[in-house]
Amino acid sequence: MDPLLRIPNLNRLLEMLDARLMERADSTLALIDIDDFSALNDTLGHEFGDAVLQAVAHRLSQGLPRSHLARLGPDIFGVLGPSDEVAVGHLQQVLHDAVQIHGQHVRVSATMGLVPLADRIDAGVAVLKDAHVALKQAKLRQRGSAVYFSAAMGQDARERMRLLSGLRHAFDAQHMFLVYQPKVSLHDGRPQGVEALLRWRMSDGQLVPPDRFIPLAEQSGLMGALGTFVLRSACQQLARLRAAGEHELVMAINVSQAQLREPDFVATVQHALDDAKVPASQVELEITESMAADDLAVIRPLLDAVRALGVSVAIDDFGTGFSSLSVLRHLPAQRLKIDRSFINELDHDDSIARMVISLGHSLGMRITAEGVETEAQRQALCELGCEEGQGWLFARPLDETGLLTWLTERRQAI
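Within each chain, residue numbers correspond to sequence positions counted from 1 in written order. In keeping with the model being predicted, local features are shown solely for residues with a pLDDT of at least 70 and side-chain atom pairs are shown and tallied solely at 80 or more, while totals for entire chains, interfaces and linings include all residues. Values reported for side chains reflect all heavy atoms of the structure, with hydrogen atoms and water molecules removed beforehand.

**Regarding the overall build of the protein chain**
A tally of regular secondary structure across the protein chain gives 17 helices and 16 strands. The reference for a compact globule is 2.2 Å times residues^0.38; the radius of gyration itself is calculated from the C-alpha atoms. Here the C-alpha atoms of the protein chain give a radius of gyration of 28 Å, more than 25% beyond the 22 Å that 2.2 N^0.38 yields for 414 residues. Considered along the principal axes of its C-alpha atoms, the protein chain spans approximately 80 × 50 × 45 Å. About 20,100 Å² of surface is accessible on the protein chain, with carbon and sulfur atoms providing 51% of the total. A run of H or I in DSSP counts as a helix once it spans at least four residues, and a run of E counts as a strand once it spans at least two, with each numbered from the N terminus. Computed with a 1.4 Å probe, the accessible areas rest on the Shrake-Rupley method; for each residue, only the protein chains presented here act as cover.

This is how it looks when you write it as structure tokens:
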């Protein structure tokens, strides 16, 4: 029994859920999460928050007379009852009117995840887990929404958990590695630098695409450690390239928002440079346009500190975000990278590429085009004044041995 609300707790709900599953009744389990409850508590105090919970519990009990109500967390209620009563429309109607708290009218918004019990043959704990999956999906959509659990949703959640578990193991077992995509002068084809790209090969040899594992790393808190691994490994690779006679190449390294917010980020960059004994002038950190626009007051001082080390800064994926010109003008960046989506349009519309190149040049920046795949694209970019490009026209991402071979062959051909 919950001591504050005097309603069943999680353990009691699981008992009732198991019993309902055995009855094979037409029932539904709903999780109801009060939106912004922690902010309400912080702003108006715990006494006010407790009164809101009591009012919501009373409202649900009165509006769902045939259902069982339980408290599952600080601001999460569980409702188990007939499917015609525990339905999205009815639940939202029950919570629609404002509740009165200490003389104030408070409108309560809630996000919901629901699981119909029809055809379920598993235990209550599995159903509850699926309800949490549905609730998470609802939260990802928007505040106040409701989502019913589906088999596909459960499969996706299990796949994400499998990948997350594998990602942690892969990092510990050193199954993460870097490849390097060359960047060349669009005018004469001379190598200008390389971009370090993180890859993950599973134990069965299968490569997991970065767009699958990078979001997982960000959500699980692994991005800081992975980012440091990339930074240090790329600097060490740059040192080996210099030892092989490549003294002019610039190593471009992608930096995540999680890394930038690490309190020792600038010191980590300095340590990576010192340990590898490479010039800061040959390292370029890439941040995305959306990161730059997200919080200029935080990002700008960090980039200023990076620039003070001698490291250059590039704005990646430019043109896909929503930053204003004023944001771009206040960033200490030396390079803009045109997103590959605009390079693909060059054959029939070069207006955006032309605008980005002109804008970058007006701010004293150099321009790199991503995803250059055809000679026609290269020529068009040259005519627009773009200095540098990378893409399959020149080389795919290469491992260390492949990169050294490519550099040798490229220089012999020029």
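Right, picking up where we left off after that structure.
**Some points on the confidence of the model for the protein chain**
Low-pLDDT portions of the prediction should not be read for the details of their coordinates. Residue-level confidence of the predictor is what pLDDT reports, using numbers from 0 through 100. Mean pLDDT over the protein chain stands at 85; residues scoring 70 or higher make up 91%. Looking at the elements of the protein chain, mean pLDDT is at its lowest for helix α6 (residues 151-172), recorded as 62, and at its highest for strand β11 (residues 250-254), recorded as 97.

**A word on the nonpolar core**
By size, the foremost hydrophobic cluster in this structure holds 72 residues, and its most contacted members are Met-251, Ile-253, Val-283, Leu-285 and Leu-381. The element contributing the most residues to this core is helix α8 (residues 223-243), with eight residues. The residues contacting Ile-253, other than those within four sequence positions of it, are Val-230, Leu-231, Ala-234, Cys-235, Val-283, Glu-284, Leu-285 and Glu-286. What is meant by a nonpolar core is a set of buried Ala, Val, Leu, Ile, Met, Phe, Trp, Tyr and Cys residues, joined one to another through side-chain atoms within 4.5 Å. Each residue's exposure class comes from its accessible area (1.4 Å probe, protein chains only) as a fraction of the maximum for that residue type: buried when under 20%, exposed when over 50%, partly exposed otherwise. Here a residue-residue contact requires only that any non-hydrogen atoms of the pair lie within 4.5 Å.

**Overview of the sheet that holds strand β2 (residues 68-73)**
Ordered in space as β2-β3-β1-β6-β7, the five strands form an open sheet in which the pairing is mixed. Of all strands in the sheet, those with a lone pairing partner are β2 and β7 (146-148), marking the two edges. Averaged over all neighbouring strand pairs, the angle between strand axes comes to 20°, with direction disregarded. When DSSP finds at least two bridges between two strands, those strands are taken to pair. Direction of pairing for strand β1 (residues 27-34) relative to strand β6 (residues 110-116): antiparallel, over a ladder of seven bridges. Within β6, the residue paired with Leu-31 across the bridge is Gly-113. Note on definitions: angles span 0 to 180 degrees between N-to-C directions of axes, and those axes are lines fitted to C-alpha atoms, for helices only across the stretch in contact. This element, helix α5 (residues 124-141), spans β1, β2, β3 (76-82), β6 and β7 of the sheet and lies at about 140° to β6.

**Digging into helix α7 (residues 210-220)**
Along α7, the residues that are buried comprise Phe-213, Leu-216 and Ala-217. The buried residues of α7 occupy one face: seen down the axis, they fall within an arc of 100°. Summarising the geometry of α7, the exposed residues directed more than 90 degrees from the buried face are Asp-211 and Gln-219. A positive phi of about 85° marks Gly-221, the residue just after α7. The arc in question is traced by the directions running from the helix axis to the C-beta atoms.

**Here we look at the packing of aromatic side chains**
Pairing of aromatic rings covers Phe, Tyr and Trp, the last through its six-membered ring, and needs centres within 6.5 Å; plane angles under 30 degrees mean stacked, over 60 mean edge-to-face, and all others mean tilted. Considering all chains together, one arrives at zero aromatic pairs under this definition. Cation over ring: Arg-396 sits above Trp-392, and NZ or CZ is 3.6 Å from the ring centre. Ring-over charges, as used throughout, are those where CZ of Arg or NZ of Lys falls within 6 Å of the ring centre and within 35 degrees of the ring normal.

**Digging into the side chain of Glu-85**
With respect to the secondary-structure elements, Glu-85 resides in the loop between β3 and α4 (88-94). In terms of polar contacts, Glu-85 uses its side chain to reach the backbone amide nitrogen of Arg-66, at 3.1 Å. In contact with Glu-85, not counting residues within four places along its chain, are Leu-64, Pro-65, Arg-66, Ser-67 and His-90. Here a polar contact is recorded for every N or O atom pair within 3.5 Å, except that within protein the pair must consist of a potential hydrogen donor and a potential acceptor, and residues adjacent in sequence are included only if both atoms are side-chain atoms.

**Remarks on the packing of α8 against helix α10 (residues 265-276)**
Where α8 contacts α10, the two axes come as close as 9 Å, and the packing angle between them is 30°. Comparing their axes, α10 and α8 come out roughly parallel. Two packed elements cross with a definite hand, and for α8 against α10 that hand is right-handed. In this structure, α8 uses Thr-228, Leu-231, Arg-232, Cys-235, Gln-236 and Ala-239 to contact α10, whose residues at the interface are Thr-268, Val-269, His-271, Ala-272, Leu-273, Asp-275 and Ala-276. When describing relative orientation, an angle under 35 degrees is termed roughly parallel and one over 145 degrees roughly antiparallel, while 65 to 115 degrees is termed roughly perpendicular and anything else oblique. In this scheme, a crossing is called left-handed if the near helix is turned counterclockwise away from the far one by less than a right angle; it is called right-handed if the turn is clockwise.

**A closer look at the pattern of salt bridges**
Here a salt bridge means any side-chain nitrogen of Lys or Arg lying within 4 Å of a carboxyl oxygen belonging to Asp or Glu. Considering all chains together, one arrives at 19 salt bridges under this definition. Between Asp-33 and Lys-139 there is a salt bridge, with its nearest N and O atoms 2.5 Å apart. With a gap of 106 residues between them, Asp-33 in strand β1 and Lys-139 in helix α5 connect regions that are remote in the sequence. For Lys-139, a relative accessible area of 47% puts it in the partly exposed group. When salt bridges with common partners are traced through the structure, they connect Lys-183, Glu-284, Arg-335 and Glu-388 into a single cluster.

**Some thoughts on the pairing of β1**
In terms of burial, β1 is a largely internal element, eight of the eight residues being buried. In this structure, β1 lies alongside β3, joined through seven bridges in antiparallel fashion. If you follow Thr-28 over to β3, its bridge partner there is Gly-81.

**A word on the pairing of strand β12 (residues 283-288)**
Counted residue by residue, β12 has five buried out of six residues, so it is predominantly covered. With four bridges connecting them, β11 and β12 associate as parallel partners. Across the sheet, residue Asn-254 finds its bridge partner in β12, namely Glu-286. One ladder, built from five bridges, connects β12 with strand β13 (residues 312-318); its direction is parallel. Across the sheet, Glu-284 pairs through a bridge with Ser-312, a residue of β13.

**A short note on helix α15 (residues 351-362)**
If you check α15, its first and last C-alpha atoms are 16 Å apart, about what twelve residues at 1.5 Å a residue would give, namely 16 Å. Looking at the buried positions of α15, the neighbouring elements they touch are β13, β14 (335-338), β15 (366-369) and α16 (375-384). Directly beyond the C-terminal end of α15, a positive phi value near 75° is found at Gly-364. For a helix, the expected span equals 1.5 Å multiplied by the residue count minus one.

**Quick word on the environment of Ser-27**
Tracing the backbone through its elements, the reader meets Ser-27 in strand β1. Spatially, the C-alpha atom of Ser-27 lies 22 Å from that of Val-56, the residues being 29 residues apart in sequence. When neighbours within four sequence positions are excluded, Ser-27 is seen to be in contact with Arg-20, Leu-80, Gly-81, Pro-82, Ser-83, Val-115, Pro-116, Leu-117 and Ala-118.

**Some details on the environment of Leu-404**
Among the structural elements, Leu-404 can be located in helix α17 (residues 400-413). Accessibility expressed as a relative area gives 30% for Leu-404, which makes it partly exposed. Measuring from C-alpha to C-alpha, the distance between Leu-404 and Leu-241 comes to 7.9 Å, with 163 residues separating the pair along the chain. Setting aside residues up to four positions removed in sequence, Leu-404 forms contacts with Leu-241 and Ala-244.

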